[in-house]
Structures are given as structure tokens and as C-alpha cells.
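Below, each chain spelled out in residue letters.
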Amino acid sequence: MLIGIGGVSRSGKSTLANLLVTHFRKTGKKAIIFHQDDFVFPETQIPKVRDKTDWESPSSIDHQLLYELVKEFKDRFDVVIVDGLFAFYDESLNSLYDKRLFVKISRRSFYIRKVADRRWGYVPTWFVDHIWKSFLKYGNSKTIHGDYLTISGEDEFDMKKALKYLEG
């Protein structure tokens, strides 16, 4: 099974992916995650916005490499999960998914979580706004082709709901 997980930055995509991999491994399945963030081009090849690296641009991701690896691994594992802001952006990858999960949070929750996130240092307010706008343009649920389940990332994940969709 190939699962795509999309949603805005800080919505819980990677947390959900990790929970699912743990679940599937406990049931004896071989499961692996591909985090889209691991497929970014070198910083010098990524577009800039106001002299800041625009990680929120679809052209920051090597979609072809991700597609090729996912295609290779989907036959070697029982469950392959791809998570990222642009999980549904690339049509060739999107068409491979058996199941799609969209993690939804409010703009307010996104803003609070992103401002509190200090992994990359201080993030200016204009850039937080840019991230949200990029999500609306490139990563929202309207970019999904095929059936999908929307799952709330506001609180703890409803794992029963997610697993029913994935295993049903």
C-alpha cells in the first residue's frame, strides 16, 4: 500500500506518518516513510523570496528522485508512506498512491505552531504568511487527485478513523 500524507507545515504530517509506520510494523508489515523534506535540492538551486530561501516552493523538491525511489520501494515494502507539503503536487507521484490522507489545521493553529518553531531560528512574520499562502496555492486539498481522508491535526489523531480508511 502506498500512502500520501499532505498538509501545511507543522500540521502533524510526520507525526502521523511515524504513528502509522509503528502500527504497521507492529502488525508484522514492512513499512517505510519518505519525508519530502529529505528530497530538497541544494539551497543554491532553490528560489528565493526577499533574499530568503523559499522552501515553500514546489521547485525546491526533487520530485523526480522521490518518484523513482517510491516506485522502486513500493514493491519491496508492504507499506510506503510519503509525507510533505507537496505530497500531492506531482501528478506522477499522486497517481501512484493507493490512499491519501490530508492533515488539516486552522490558520491560527498553523501560525501559533510555526512562530513557536525555533528549529531554523527566528522566522519573520511575512515569511510565516508566505508559508501559508504557498500552502493554499500548492499544497491544499484541492491539489489532491483521487479519494482522500481529511484528518484533523488540531489535537491527537483519530487513529481509528485513519486506520479504518487505510485498511478498509
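Structural notes, computed from the coordinates. Only a predicted model underlies this, so the values are computations on that prediction, with no experimental measurement involved.

Conventions adopted
- Residues numbered from 1 in each chain as written.
- Predicted model: local features only at pLDDT ≥ 70, side-chain atom pairs only at ≥ 80, totals over all residues.
- Heavy atoms only, no water.
- Helix = DSSP H or I, 4+ residues; strand = E, 2+ residues; numbered from the N terminus.
- Rg over C-alpha atoms; globule rule 2.2 N^0.38 Å.
- Buried < 20%, exposed > 50% of the residue type's maximum accessible area, 1.4 Å probe, protein only.
- Contact = heavy atoms within 4.5 Å.
- Areas by Shrake-Rupley, 256 points an atom, 1.4 Å probe, with all protein chains shown as cover.
- Expected span 1.5 Å × (residues − 1).
- Axes fitted to C-alpha atoms, helices over the stretch in contact; angles between N-to-C directions.
- Parallel < 35°, antiparallel > 145°, perpendicular 65-115°, else oblique.
- Left-handed = near helix turned anticlockwise from the far one by under 90°.
- 1 Å grid on protein atoms, 1.4 Å probe; cavity = no way out; pocket = protein on both sides within 12 Å on 5 of 7 lines; lining within 4 Å.
- Points joined across faces, edges and corners; volume = space filled by probe spheres on them.
- Nonpolar A, V, L, I, M, F, W, Y, C, P; charged D, E, K, R; others polar.
- Pairing = 2+ DSSP bridges.
- Salt bridge = Lys/Arg side-chain N within 4 Å of Asp/Glu carboxyl O.

## Re the overall build of the protein
Scanning the protein from terminus to terminus reveals 6 helices and 7 strands. What you see for the protein is a C-alpha radius of gyration of 16 Å, in line with the 15 Å of a compact globule of 168 residues. For the protein, the spread of C-alpha atoms along the principal axes amounts to about 45 × 35 × 25 Å. Sorting the 168 residues of the protein into buried and exposed places 49% on the buried side. Within the protein, contacts between residues at least 6 apart in sequence are counted, and of these 73% link residues at least 24 apart. Accessible area of the protein: about 9000 Å², with a carbon and sulfur share of 51%.

## Some details on helix H5 (residues 125–139)
When the terminal C-alpha atoms of H5 are compared, their 20 Å separation across 15 residues agrees well with the 21 Å that a helix rising 1.5 Å per residue should span. Looking at the buried positions of H5, the neighbouring elements they touch are strand S1 (2–7), strand S3 (48–49), strand S4 (52–53), strand S6 (99–104) and helix H4 (107–116).

## What to know about the packing of H4 against H5
Two numbers describe how H4 lies on H5: the axes approach to 11 Å, and their chain directions differ by 135°. With respect to H5, the axis of H4 lies oblique. Pair H4 / H5 crosses with right-handed handedness. For the pair H4 and H5, the contacting residues are Arg 107, Phe 110, Tyr 111, Lys 114 and Val 115 in the first and Thr 125, Val 128, Asp 129, Ile 131 and Trp 132 in the second.

## Focus on the layout of surface pockets
One number sums up the size of the second largest pocket: a volume of about 150 Å³. Together, 13 residues line the second largest pocket, and Phe 102, Lys 104, Phe 135, Asn 140 and Ser 141 are the ones closest to its centre. Listing elements by their share of the lining of the second largest pocket, those giving two or more residues are S6 and H5. Taken together, the residues that form the lining of the second largest pocket break down as 8 nonpolar, 3 polar and 2 charged.

## Quick look at the pairing of strand S7 (residues 149–152)
Burial of the side chains of S7 is restricted to one face: Leu 149 and Ile 151 are buried, whereas none of Thr 150 and Ser 152 on the reverse face is. Here 4 bridges tie S6 to S7, and the two strands are oriented parallel to one another. When the sheet's bridge partners are listed, Val 103 is paired in S7 with Ile 151.

## Digging into the pattern of salt bridges
In the structure shown here, the tally under the stated rule is 3 salt bridges. A salt bridge links Glu 72 to Arg 76, with the shortest nitrogen-to-oxygen separation between them at 2.8 Å. According to the relative accessible area criterion, Glu 72 is partly exposed, its value standing at 44%. The exposure class assigned to Arg 76 is partly exposed, which follows from its relative accessible area of 43%. One salt bridge in this structure joins Asp 147 and Arg 100, with 3.8 Å as the shortest N-O distance. Here Asp 147 is found in the loop between H5 and S7, whereas its partner Arg 100 is found in strand S6, with 47 residues between them in sequence. Note on Asp 147: relative accessible area 44%, which makes it partly exposed.

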